[in-house]
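As a plain string of letters, each chain reads:
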Amino acid sequence: MLSVLRVHLPSDIPIVGCELTPYVLLRRPDKTVTTDDVPESAPLDGHFLRYKWYRIQSDKKVAVCSVHPSEQATLQCLGCVKAKIPVAKSYHCSPKCFSDAWQHHRVLHDRAASAVNENGNEEEEIFGRYNSSGSGVINASLTGSASSTSLTNGSTPLYPAAVTQRSGGETWFEVGRSKTYTPTADDIGHVLKFECVIVDAETKQPVGHPNTILTSRVIPAPSPSPRRLIPVSGADMLGNLQSDGRVSSSGSFTVLSYNILSDSYASSELYSYCPSWALSWPYRRQNLLREIVGYRADIVCLQEVQNDHFEEFFAPELDKHGYQALYKRKTNEVYSGNIHTIDGCATFFRRDRFSHVKKYEVEFNKAAQSLTEVAVQTTQKKAALNRLVKDNVALIVVLEAKFSNQGADNPGKRQLLCVANTHVNVPQELKDVKIWQVHTLLKGLEKIAASADIPMLVCGDFNSVPGSAPHSLLAMGKVDPMHADLLVDPLAILRPHSKLTHQLPLVSAYSSFLRGVGLGLEQQRRRMDPTTNEPLFTNCTRDFIGTLDYILYTADSLTVESLLELLDEDSLRKDTALPSPEWSSDHIALLAEFRCVPRPRR
């Protein structure tokens with residue numbers, strides 16, 4: 001007979017908006033062990049599994065800390081109450097917690113004083129109103145009062161909430177009838193109970209005792225402080241603040257670049273400082289989606305997107321928000337794991353703003369094979385390939401704008417745009433390989449530029465700090481022949497050094513914070529390195545803090561109008577590295593607003 005051997009939950013803490021899928025180990029009638037489901041529609045030996053979820057509510061009301069959501073709150077900020085700030089933001093677990101968070105917390109008071117949002121929700125700035133069961137801003141009171149409305153969670157139809165009274169002042173509310181359950185705001189502060197029982201398919205009656213497991217208290221999904229678009233082109237270029245919170249002006253478009261940290265790399269060993277529940281993929285994917293959708297970029301370039309996550313999550317979810325998706329998976333000559341977990345580069349664009357014209361896929365492994373065939377002696381070919389083959393790729397997309405491009409020489413002319421998205425993931429000791437990959441990409445873009453009068457954007461994680469040879473090649477168009485990075489070149493693939501140039505007029509978008517004349521730039525300039533014209537950091541872990549990510553553009557055809565504000569250590573909170581409960585990658589997103597401009601006459 002069918003029997004349940006074990007039931008447990010993969011995450012130690014349930015979070016609002018993050019799907020819970022228990023692990024149920026079964027023994028089949030033939031004595032084999034499996035985790036496959038046995039639904040009513042496909043019973044096994046006359047039996048199937050029935051699932052139920054309950055919310056356990058006690059007479060004691062529990063509030064959770066806004067800074068440490070896994071901790072129970074012990075004090076409340078009365079200033080938040082008076083300012084009508086969402087109640088969830090007012091709770092803290094200790095006086096020290098409140099004191100440490102004050103510099104960040106008082107921003108909420110300042111914003112509440114000048115808020116223009118009708119509902120007083122300070123979160124709805126750049127992230128906007130993302131009303132999905134997957135995540136979103138929690139406005140509900142933390143009293144945990146029971147809802148009398150019909151419920152739906154999982155694949156079952158609507159049904160009334162079942163109530164079972166328990167002793168000791170506890171009440172169980174039935175909230176779900178499928179194996180998975182997604183906690184809602186009503187569950188905050190309450191323990192959930194999962195129950196599975198074997199049922200006779202003929203009589204529909206339970207067989208034996210139900211198997212149950214209790215969760216810890218449900219916590220709200222932490223929400224980071226919203227990041228704003230900062231104009232850099234002067235007060236006259238502020239654009240229009242749309243009803244959905246997005247800044248735009250006629251003919252402009254926004255581009256997002258973001259390394260989202262592949263789940264295959266997000267190990268507890270590497271990121272031991274991040275709570276396990278915040279490092280879990282069910283949590284991170286919803287937090288990342290909320291963040292990405294909230295930026296409302298017209299073009300989205302993501303790196304470290306796992307193949308299965310692209311197909312099963314990001315492509316369908318972003319499709320709901322009007323994005324068309326393109327993807328290039330890394331090659332797998334080196335990778336030896338599950339092919340589904342190989343990551344790659346994903347580029348999305350809004351269908352109402354752009355149409356797809358052409359796609360180029362760059363595989364640096366193929367370029368390495370071509371190079372060794374021509375430039376490396378036969379006896380060294382194997383060693384050369386071992387050094388050069390690193391599975392990295394680039395995705396280059398040519399788009400056509402559907403919006404008007406005011407100020408162009410010929411308003412009727414097609415406005416094309418070339419967007420390159422790459423992740424140059426090469427070990428630090430292989431400086432020659434990293435430079436060679438960047439040079440190979442730029443030479444490919446030069447060929448596209450030579451065939452069409454087309455503005456270009458180069459986005460990605462180059463794993464290269466400002467001032468390194470790859471960065472110099474990208475942003476300056478050349479590398480100093482005496483640069484220290486060029487000393488590592490055992491295959492002589494960088495010689496002569498004079499060939500390390502390109503003719504694309506690329507400029508780093510974020511350097512506009514130092515050149516800009518807009519209002520409110522002083523704070524952003526303090527987050528920039530004036531010696532390199534780049535942000536102080538785009539990657540922040542316990543072991544490293546620095547800039548690895550860039551958005552570059554051709555300055556003769558595009559101009560920067562605004563940039564997404566940079567984070568500082570206060571924004572990340574004291575002693576916090578990435579990823580964290582608030583930010584689900586070890587990188588921060590970069591976003592720039594551009595406008596096409598007429599090319600100078602030659």
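Each chain has its residues counted from 1, running along the sequence as written. Given that this is a predicted model, residues contribute local features only at a pLDDT of at least 70 and side-chain atom pairs are listed and counted only at 80 or more, while totals for whole chains, interfaces and linings are drawn from all residues. Each side-chain value is derived from all of the structure's non-hydrogen atoms; neither hydrogens nor water enter the calculation.

Going by what an unreviewed UniProt entry lists, the protein is known as poly(A)-specific ribonuclease and is assigned to Gossypium harknessii. UniProt positions are given in the numbering used here, feature names are shortened, and annotations may be inferred rather than shown by experiment. Entered under Subunit (unreviewed entry) in the UniProt record, the comment concerning the protein runs "Component of the CCR4-NOT complex, at least composed of CRR4 and CAF1 proteins." Annotation of the protein in UniProt includes, under Sequence similarities (unreviewed entry), the sentence "Belongs to the CCR4/nocturin family."

(A) View of the overall build of the protein. Runs of E in the DSSP output that reach at least two residues are strands. Runs of H or I that reach at least four are helices, and both are numbered from the N terminus. For the protein, the count of helices and strands is twelve helices and 29 strands. For the exposure calls, accessible area comes from a 1.4 Å probe over protein chains only, and a residue counts as buried if that area is under 20% of its type's maximum, exposed if over 50%, partly exposed in between. Expressed as a percentage of its 602 residues, the buried residues of the protein come to 54%. Look at the contacts in the protein between residues 6 or more apart in sequence, and 74% of them connect residues 24 or more apart. Of the roughly 26700 Å² of accessible surface on the protein, a fraction of 51% belongs to carbon and sulfur atoms. Contacts are residue-level and defined by heavy atoms, with any inter-residue pair within 4.5 Å sufficient. Only the protein chains shown count as covering a residue, and every accessible area follows the Shrake-Rupley method with a 1.4 Å probe.

(B) Molecular detail of the sheet that holds strand 3 (residues 33-34). Only strands that DSSP links by at least two bridges are regarded as paired with each other. Taken together, the three strands give an open sheet; going across it, the order is 1-2-3, and neighbouring strands pair in antiparallel fashion. The open sheet has two edge strands with one neighbour each: strand 1 (3-8) and strand 3. Pairing analysis gives five bridges linking strand 1 to strand 2 (residues 23-27), with the strands arranged antiparallel. Across the sheet, residue Val 7 finds its bridge partner in strand 2, namely Val 24.

(C) Structural context of the packing of aromatic side chains. Think of it this way: a Phe, Tyr or Trp ring, Trp meaning its six-membered ring, pairs with another when their centres are within 6.5 Å, and the plane angle makes it stacked under 30 degrees, edge-to-face over 60, tilted otherwise. Counted by the stated rule, this structure contains 18 aromatic pairs. With a centroid separation of 6.1 Å and an interplanar angle of 35°, the aromatic rings of Phe 253 and Phe 403 are classed as tilted. Taken as a pair, Phe 253 in strand 14 (residues 252-259) and Phe 403 in the loop between strand 19 (393-401) and strand 20 (416-423) lie far apart in primary sequence, 150 residues in all. Just as Phe 253 is buried, Phe 403 falls in that class too. A ring pair is formed by Phe 354 and Phe 403, whose centres lie 5.4 Å apart and whose planes are at 90°; its orientation type is edge-to-face.

(D) Examining the packing of helix 4 (residues 281-295) against helix 5 (residues 307-320) more closely. Angles shown run from 0 to 180 degrees and are taken between the N-to-C directions of axes, each axis being a line fitted to C-alpha atoms and, for helices, limited to the stretch in contact. Look at helix 4 against helix 5: their axes get within 11 Å of each other, and the N-to-C directions meet at 35°. Helix-helix and strand crossings are classified by hand; for helix 4 and helix 5 the assignment is right-handed. Taken together, the residues of helix 5 that come into contact with helix 4 (itself represented by Trp 281, Arg 285, Gln 286, Leu 289, Ile 292 and Val 293) are His 309, Phe 313, Phe 314, Glu 317 and Leu 318. Crossings are sorted by hand: turned counterclockwise from the far helix by less than a right angle, the near helix makes the crossing left-handed, and turned clockwise it makes it right-handed.

(E) Fine view of the pattern of salt bridges. Every case where a carboxyl oxygen of Asp or Glu lies within 4 Å of a side-chain nitrogen of Lys or Arg is listed as a salt bridge. Applying the stated criterion to the full structure yields 21 salt bridges. A salt bridge links Lys 204 to Glu 40; the shortest N-O distance between them is 2.9 Å. Placement of Lys 204 in the loop between strand 9 (191-200) and strand 10 (206-217) and of Glu 40 in the loop between strand 3 and strand 4 (47-58) is noted, with a sequence separation of 164 residues between them. The residue Arg 177 makes a salt bridge to Glu 174 at a minimum N-O spacing of 2.4 Å. Since its relative accessible area comes to 2%, Glu 174 is described here as buried. Where salt bridges share partners, they join Lys 328, Lys 359, Glu 361, Glu 363 and Lys 366 into one cluster.

(F) Structural view of unusual backbone geometry. Residue Pro 496 is bonded to the preceding Arg 495 through a cis peptide linkage, with omega at -5°. Along the chain, Pro 496 turns up in the loop between helix 9 (469-476) and strand 22 (506-508). Going from Leu 578 to Pro 579, the amide bond is cis rather than trans, its omega being 0°. Of note, Pro 579 is situated in the loop between helix 12 (569-572) and strand 29 (590-596). Its identity as a non-glycine residue notwithstanding, Lys 31 has a phi of 80°, on the positive side. Note that Lys 31 resides in the loop between strand 2 and strand 3.

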